[in-house]
Amino acid sequence: MRTLRVLLDKELRQFVRSPFLPKLVLLFPLVVMLVIPWVTTMDVRHIDVAVVDSDRSSASERLVRKIAASDCFTLRGTFDRYDAALAALDEGAADVVVEVPDGFGRSAAGGPAERVRISANGVNAVKGSLGMQYLMQTLTQTLSELRAERGLQPLAEPVVVQNRYNPTLEYRFYMIPALMIMLLIMLCGFLPALNLVGEKETGTIEQINVTPVSRLSFTLAKLIPYWVVGFAVLTLAMLLARIVYGLSPAGSLGAVYLAAALFVFTMSGVGVIAANYSSTMQQTMFVMFFFVMIFMMMSGLITPVESMPGWAKTLTRFLPPRYFVGIMRAVYLKGSTVAELRADYAALAVFAVLSNAWAAASYRKRS
């Protein structure tokens, strides 16, 4: 224990004296939590809409006002002719064109139904398709309100949609737990690996290898500081999520920190393995970059696992972040407990044991 304390003191001094690491540990989570949730979002706002009002009735004017008042839309103008609005769509000035037919007001008052035509820009598929869905909801709501005001039966809605756990479908609430995981991957996996290989490149590891210091003490001294950094960064990220975005875990903090501990042990083990099989900083960076890319792209951090082909789904079962992603989102949004997620916790525990056992077995002291 005394040897471990001495080595930890050395690592702490090196960390504090480094001109780069303290700044990275502070600025990296701030940038990730304060910038990325605003720029990497699937929420679509301010869809440019051009309206062709051939009816010129109070009902059509009400629909136009509803579109203009919505945060989802930006009204780019009301046109008399469809070809003029279509020209705006061709030029990129509008994403969606709504053509209100003559007789729309009569259909809202109980007359024969008139079809409203919606044309979307398919070049920007996400914006166009979501804009069409938003407009259909706005149109249905407006017609129902108009009919109800005239004492008519509101339009029947065959499907009632209820979004559980994230009622407003706020994409940031879905992404923020994933960003916390990304922070732990980078800080608790990448940095320890680079630190170990840095010792190899400078030659200081050879001086350690000829001493009675055990492999366990040396490895723990390299990893424990980054475990502490990982938990500190996770706490900072959770505070930022609560203060800036109003997102707090619906479940217990203990469930979050238990999963984080298992994941931190797993990633640090992966980092040590990469360092043990590398002799230069460049080799380690390439190996870790490969794993980080696989973890981020195939573990459900960005795209859902359910949307992947069968072979990819099978491969994700061997990726530790997949289980941590499921735990974080379930605890944050659903309030799930450790007992309910015991299979995911068990998988993380297995990965933690295997990765650290491999890391210990692959390290060799050389004189």
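In this report, the structure presented in the accompanying data block is examined. Here the residue numbers are simple positions, counted from 1 along each chain's written sequence. Totals for whole chains, interfaces and linings use all residues, but because this is a predicted model, local features are given only for residues with pLDDT of at least 70 and pairs of side-chain atoms are given and counted only at 80 or more. Water and hydrogen atoms were dropped before computing side-chain values, which therefore reflect all heavy atoms in the structure.

1. Side note on unusual backbone geometry
So, point 1. Of note, Arg 56 is a non-glycine position whose phi angle comes to about 55°, a positive value.
So, point 2. For Arg 56, the position within the fold is in the loop between β1 (47-53) and α4 (58-69). In DSSP terms, a helix is any run of H or I states spanning at least four residues, a strand is any run of E spanning at least two, and both are numbered starting from the N terminus.

2. Overview of a nonpolar patch on the surface
So, point 1. Among the surface-exposed residues, Val 31, Leu 34, Val 35, Trp 38, Val 39, Leu 239, Ile 243 and Val 244 lie close enough to one another that they form a single nonpolar patch of about 750 Å² accessible area.
So, point 2. Elements that contribute at least two residues to the nonpolar patch include exactly α2 (21-34), α3 (36-39) and α10 (215-245).
So, point 3. When residues in the nonpolar patch are grouped by element, the largest group, 3 residues, is from α10.
So, point 4. Structurally, Ile 243 is set in helix α10. Patch rule: a residue counts if its relative accessible area is over 30% and it has no salt bridge; like charges are joined within 9 Å, and nonpolar side chains (Val, Leu, Ile, Met, Phe, Trp, Tyr) within 5 Å. Per-residue accessibility takes into account occlusion by the displayed protein chains alone, with areas from the Shrake-Rupley method and a 1.4 Å probe. Just to be clear on terms, a salt bridge is a Lys or Arg side-chain nitrogen sitting within 4 Å of an Asp or Glu carboxyl oxygen.

3. Concerning the packing of aromatic side chains
Geometry of an aromatic ring pair is reported as the spacing of the ring centres plus the angle between the planes.
So, point 1. Two rings from Phe, Tyr or Trp (for Trp, the six-membered ring) form a pair when their centres are within 6.5 Å of each other. A pair whose planes differ by under 30 degrees is stacked, one over 60 is edge-to-face, and the rest are tilted. The tally for this structure, following the rule as stated, stands at 7 aromatic pairs.
So, point 2. Ring plane angle 40° and centroid distance 6.2 Å describe the contact between Phe 291 and Phe 295, whose orientation is recorded as tilted. One end of the pair is Phe 291 and the other is Phe 295, both in helix α12 (residues 281-298) and 4 residues apart, which spans about a single turn.
So, point 3. On the basis of relative accessibility, which here comes to 33%, the residue Phe 291 falls in the partly exposed class.
So, point 4. Every member of this aromatic cluster is reached through a ring pair, and the members are Phe 290, Phe 291 and Phe 295. Residue burial is assigned from relative accessible area. The probe radius is 1.4 Å, only protein chains are included, and a residue is buried under 20% of its type maximum, exposed over 50%, and partly exposed in between.

4. Observations regarding the sheet that holds β1
By way of backbone hydrogen bonds, the strands of a sheet pair with one another, either parallel or antiparallel.
So, point 1. DSSP-based pairing: two strands are paired if at least 2 bridges between them are found. Spatial ordering of the open sheet is given by β2-β1-β3-β4, a layout of 4 strands whose pairing is mixed. Lying at the two open borders of the sheet, with one neighbouring strand each, are β2 (73-79) and β4 (117-120). If you compare each strand with its neighbour and ignore which way they point, the axes differ by 20° on average.
So, point 2. Only heavy atoms matter for contacts: two residues are in contact if any of them lie within 4.5 Å across the pair. Note on geometry: axes are C-alpha line fits, over the in-contact stretch for helices, and angles between N-to-C directions span 0 to 180 degrees. Set on the sheet, α4 makes contact with β1, β2 and β3 (96-100); between it and β1 the angle comes to about 170°.
So, point 3. Against the sheet, helix α5 (residues 82-91) makes contact with β1, β2, β3 and β4, and its axis sits at roughly 170° relative to β3, the strand it touches most.

5. Let's talk about the environment of Arg 106
So, point 1. Among the secondary structure elements, Arg 106 is positioned in helix α6 (residues 104-108).
So, point 2. The exposure class assigned to Arg 106 is exposed, which follows from its relative accessible area of 52%.
So, point 3. Once the C-alpha coordinates of Arg 106 and Ser 57 are considered, the two residues, 49 residues apart in sequence, prove to be 9.0 Å apart.

6. Details of the pairing of β2
So, point 1. The pairing of β1 with β2 spans 6 bridges and is parallel. What sits directly across from Val 52, in β2, is Phe 79.
So, point 2. At this point the chain moves from β1, through α4, to the parallel β2, and the crossover so formed is right-handed. Call a crossover right-handed when, viewed with both strands pointing away from you, the route from the first strand across the helix to the second goes clockwise.

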